[in-house]
Amino acid sequence: MYLTKDEEKLLESDDPTLAKCMEILVALGEIFEAERLIPISSAHISGISYANIGEEGLEWIKGLKGKVRVKTTLNPAGMDLERWKDMGIREEFFRKQMEVISALKSLGVDPVLTCTPYYIQKPSFGEHLAWAESSAVVYANSILGARTNRESGISALASAIIGKTPYYGLHVDENRSPTVLVRVKGKVNTSLLGYVLGKELEGIPMFDFDVTPSEDELKHLGASLASTGGVGMFHVVGVTPEWNRYEVPSERLVFEPSDLKFDCEPDLVAIGCPHLSSRELRVIAEFVDRFDRVKIETWLFTSRKVYEECVDIIKKIECKGIKVFRDTCMVVSPATERFDCVLTDSGKALTYLPKLRKVCVGFADTFTCLRRAFGEA
Ligand code: F3S
C-alpha cells in the first residue's frame, strides 16, 4: 500500500500509540489490497461493553495515549449510566464499565453510547467514515449514501487516532454496485426479512418492495441483515440514494412473507435494537395509551440524545410500568442474563441474545411484543 512521507513517519514514530494505530491500518490495507489511505470525517467505535471486552480490552484501551483526530463516537455500554441499579447491574461491573468509558474519553472520544450515531450527527452523502457497529454501517452506506467498511472496534479506534482509513471495499465506487435483485412480495416484517436473507446472501442486495418500508423499517432491515451475514449495504428501488447509479443485477430472488415463528414464554420484553428513534418512541407511547400496566418486565432502549428530546413521551410510556433505558441495550448488557426468555422485535437481538447473553429468544412485531407485555396476546 502506498504511504505518503507523513504516513511513513507515523509508522516509525516514537509515539507507541501512533505507531501501533498505523500498523493496524497498514496491515488491514495490505490484507484487502488497498492502494492508499484516505481521510475520514468521523469514526464510531463498538465493542465497549465491559461484558464483552473484559479486563484485557480495558487494559488495551488504557495503554493508548494521545487524541483522536476526527469526531469519534461510542456504541452502547453495558448499562444505563444513571439507572444501572434499576437494571440489576452490580457495583463492580459499574466501576469497570466507567473505567472503559473514561479511558476512551481521555482520548477525546464523545461517549454518546448509542448504535444510532446518525440521529446525533448525520453524515452527508459521499463522506468517508470508519464506523464499527454493523447496523450503523449498513444505515450509513445504504440510507445516507456515506461510505464505510464494517470496521472492528480496534480498526475504528486506530482510524480515529490517525484520521484515515484504507481505501478499499465500500469506499470504492464499483464495490457498491448491487449483486442480486430481491423482489419482496406483500407487506413484510423487515427485521425478519433481514434475519432470513442475511444467512443466504452474499454481496449487495437491491430490494424491490411491493410496500415501501419506512426509514425505521429500513434501519431494522440493515441491522438484522448484518447480524446473520456479512452484508454492509443494500439498495432499495426508488428509495435509497444510490439505487439508480448501477445496473439492475441479473441474479434474482423472490421473498414472500413467511410463517417463521420464534416463540417463548417471556419473562422480559425488550425493544430498541437498534436504539429507538423519536418517531418509534412516539408510536409506542400512542399504542400503550389504551393499556393499564405491563404484566411482564418490559425494557425499551434508546440513546441519551433521543431520550432528552422525548422526555414527555417517555413519561407517558413509563407510567405504564415500562422502563426506558439509555446508553445500553439488551444484547450488550449483562443485566439480560438473569432472565430466561426475552421477547423482542429485533432480528439482530434474535441472532445475538442466545450467543452473548445465553437466554432463549422469542420474536414478534413491535405491537405484538407490547400486547404480550400487557398480557393481551
Ligand atoms: Fe444497537 Fe445493541 Fe442492537 S448496540 S444494534 S441495540 S445489539
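Calculation notes
- Residues numbered from 1 in each chain as written.
- Predicted model: local features only at pLDDT ≥ 70, side-chain atom pairs only at ≥ 80, totals over all residues.
- Heavy atoms only, no water.
- Buried < 20%, exposed > 50% of the residue type's maximum accessible area, 1.4 Å probe, protein only.
- Helix = DSSP H or I, 4+ residues; strand = E, 2+ residues; numbered from the N terminus.
- Arc of directions from axis to C-beta.
- Contact = heavy atoms within 4.5 Å.
- Core = buried A, V, L, I, M, F, W, Y, C linked by side-chain atoms within 4.5 Å.
- Domains from an automatic or database assignment.
- Buried area = accessible area lost by both parts, 1.4 Å probe.
- Salt bridge = Lys/Arg side-chain N within 4 Å of Asp/Glu carboxyl O.
- Polar contact = N/O pair within 3.5 Å; in protein donor to acceptor, adjacent residues only side chain to side chain.
- Nonpolar A, V, L, I, M, F, W, Y, C, P; charged D, E, K, R; others polar.
- Pairing = 2+ DSSP bridges.
- Axes fitted to C-alpha atoms, helices over the stretch in contact; angles between N-to-C directions.
- Disulfide = S-S within 2.5 Å.
- Right-handed = clockwise from strand over helix to strand, strands pointing away.
- Parallel < 35°, antiparallel > 145°, perpendicular 65-115°, else oblique.
- Left-handed = near helix turned anticlockwise from the far one by under 90°.
- Near = heavy atom within 4 Å.
- Phe/Tyr/Trp six-rings, centres within 6.5 Å; stacked < 30°, edge-to-face > 60°.

Asks: Residues and numbers for helix α10 (residues 278-288), please.
Replies: Listing the buried residues of α10 in full gives Glu280, Leu281, Ile284, Ala285, Phe287 and Val288. Buried residues along α10 cover an arc of 165 degrees about the axis, so they all sit on one side. Packed against the buried residues of α10 are α9 (215-228), β10 (268-276), β11 (297-302), α11 (304-309), α12 (311-318) and α14 (366-373).

Asks: Describe the nonpolar core, listing the residues and the values that go with them.
Replies: One finds Leu104, Leu193, Phe207, Phe209 and Met330 to be the most contacted residues of the largest nonpolar core, which totals 91 residues. Here this core gets seven residues from one element, more than from any other, and that element is helix α6 (residues 134-144). Membership of the second largest hydrophobic core comes to 26 residues, among which are Ile284, Phe287, Ile322 and Cys369.

Asks: Quick one: what's the story with the domain arrangement of the protein chain, residue by residue and with numbers?
Replies: When the domains of the protein chain are assigned, the result is domain 1 (5-172), domain 2 (177-255) and domain 3 (268-373). On the domain 3 side, the residues contacting the 25 residues of domain 1 number 26 residues. Between domain 1 and domain 3 the total buried area reaches about 2000 Å² when both faces are included, carbon and sulfur atoms providing 52% of it. Of all residues in domain 1, Arg83, Met87 and Tyr119 give up the largest surface area on contact with domain 3, accounting jointly for 30% of the area buried on that side. At the junction of domain 1 and domain 3, the tally comes to five salt bridges. Arginine 326 is the partner of aspartate 80 in a salt bridge, and the nearest nitrogen-oxygen pair spans 3.4 Å. Taken together, the links from domain 1 to domain 3 amount to 14 residue pairs in polar contact (both at pLDDT 80 or more). Looking at the side of domain 1 that touches domain 3, the elements with two or more residues in it are α3 (50-62), α4 (84-87) and α6. Each residue belonging to the side of domain 1 that touches domain 3 can be placed in one class, and the counts come to 12 nonpolar, eight polar and five charged.

Asks: Outline the sheet that holds strand β12 (residues 323-326), listing residues and values.
Replies: Within the open sheet, the five strands sit side by side as β12-β11-β10-β13-β14. Their pairing is parallel. Of all the strands in the sheet, just β12 and β14 (360-363) have a single pairing partner and so form its edges. Ignoring strand direction, the axes of neighbouring strands in this sheet form an average angle of 30 degrees. Looking at chain direction, β10 and strand β13 (residues 341-344) are connected through three bridges and run parallel. Residue pairing across strands places alanine 270 opposite threonine 344, the latter belonging to β13.

Asks: Give me the packing of α9 against helix α13 (residues 347-357): which residues, what numbers.
Replies: One can describe the packing of α9 onto α13 by two numbers: an axis separation of 7 Å at closest approach and a directional angle of 35 degrees. Taken together, the residues of α13 that come into contact with α9 (itself represented by Ala223, Ser224, Ser227 and Thr228) are Gly347, Lys348, Thr351 and Tyr352.

Asks: Explain the state of the cysteines residue by residue, including any values.
Replies: Enumeration over the complete set of coordinates arrives at one disulfide. The residue that forms a disulfide with cysteine 264 is cysteine 341, at a sulfur-sulfur distance of 1.9 Å. Here cysteine 264 and cysteine 341 share a disulfide; its torsion about the S-S bond, -100 degrees, makes the bridge left-handed. With cysteine 264 in the loop between β9 (252-255) and β10 and cysteine 341 in strand β13, this residue pair connects regions lying 77 residues apart in the sequence. On the basis of relative accessibility, which here comes to 5%, the residue cysteine 341 falls in the buried class.

Asks: Please set out the pairing of strand β2 (residues 42-45) residue by residue, giving values where relevant.
Replies: On a regular strand, each side chain points to the face opposite its neighbour's, so the side chains alternate between the two faces of the sheet. Neither face of β2 is left uncovered, since the one carrying Ser42 and His44 and the one carrying Ala43 and Ile45 both have all their residues buried. For the segment spanning β2, α3 and strand β3 (residues 71-74), crossover handedness is right-handed. Both β2 and strand β4 (residues 129-131) contribute to a ladder of three bridges, which runs parallel. Bridge pairing links alanine 43 to alanine 130 in β4.

Asks: Residue-level account of the packing of α6 against α9, with values.
Replies: Contact geometry for α6 and α9: axes closest at 8 Å, N-to-C directions at 125 degrees. One finds that α6 runs oblique with respect to α9. Here α6 runs over α9; the crossing is right-handed. Facing Ser134, Ser135, Val138, Tyr139 and Ile143 of α6, the residues of α9 in contact are Glu215, Leu218, Lys219, Gly222, Ala223 and Ala226.

Asks: Which residues make up the site of the ligand, and what are the values?
Replies: All residues adjacent to the ligand are Asn75, Pro76, Cys115, Glu133, Ser135, Gly272, Cys273, Pro274, Cys329, Val331 and Lys348. Here the residues of the shell around the ligand are counted per class, giving six nonpolar, three polar and two charged. Taken domain by domain, the makeup of the shell around the ligand includes at least three residues from each of domain 1 (5-172) and domain 3 (268-373).

Asks: An account of the packing of aromatic side chains is needed here, citing residue identities and associated values.
Replies: A complete count under the given rule lists 15 aromatic pairs for this structure. Ring plane angle 75 degrees and centroid distance 5.9 Å describe the contact between phenylalanine 207 and phenylalanine 234, whose orientation is recorded as edge-to-face. Residue phenylalanine 207 is found in strand β7 (residues 205-209), and its partner phenylalanine 234 is found in the loop between α9 and β8 (235-236); the two are separated by 27 residues along the sequence. The two residues phenylalanine 207 and phenylalanine 234 agree in class, both being buried. When the centroid spacing of 5.6 Å and the interplanar angle of 50 degrees are considered together, the rings of phenylalanine 287 and phenylalanine 291 count as tilted. Accessibility assignment for this pair places phenylalanine 287 and phenylalanine 291 in one class, buried.

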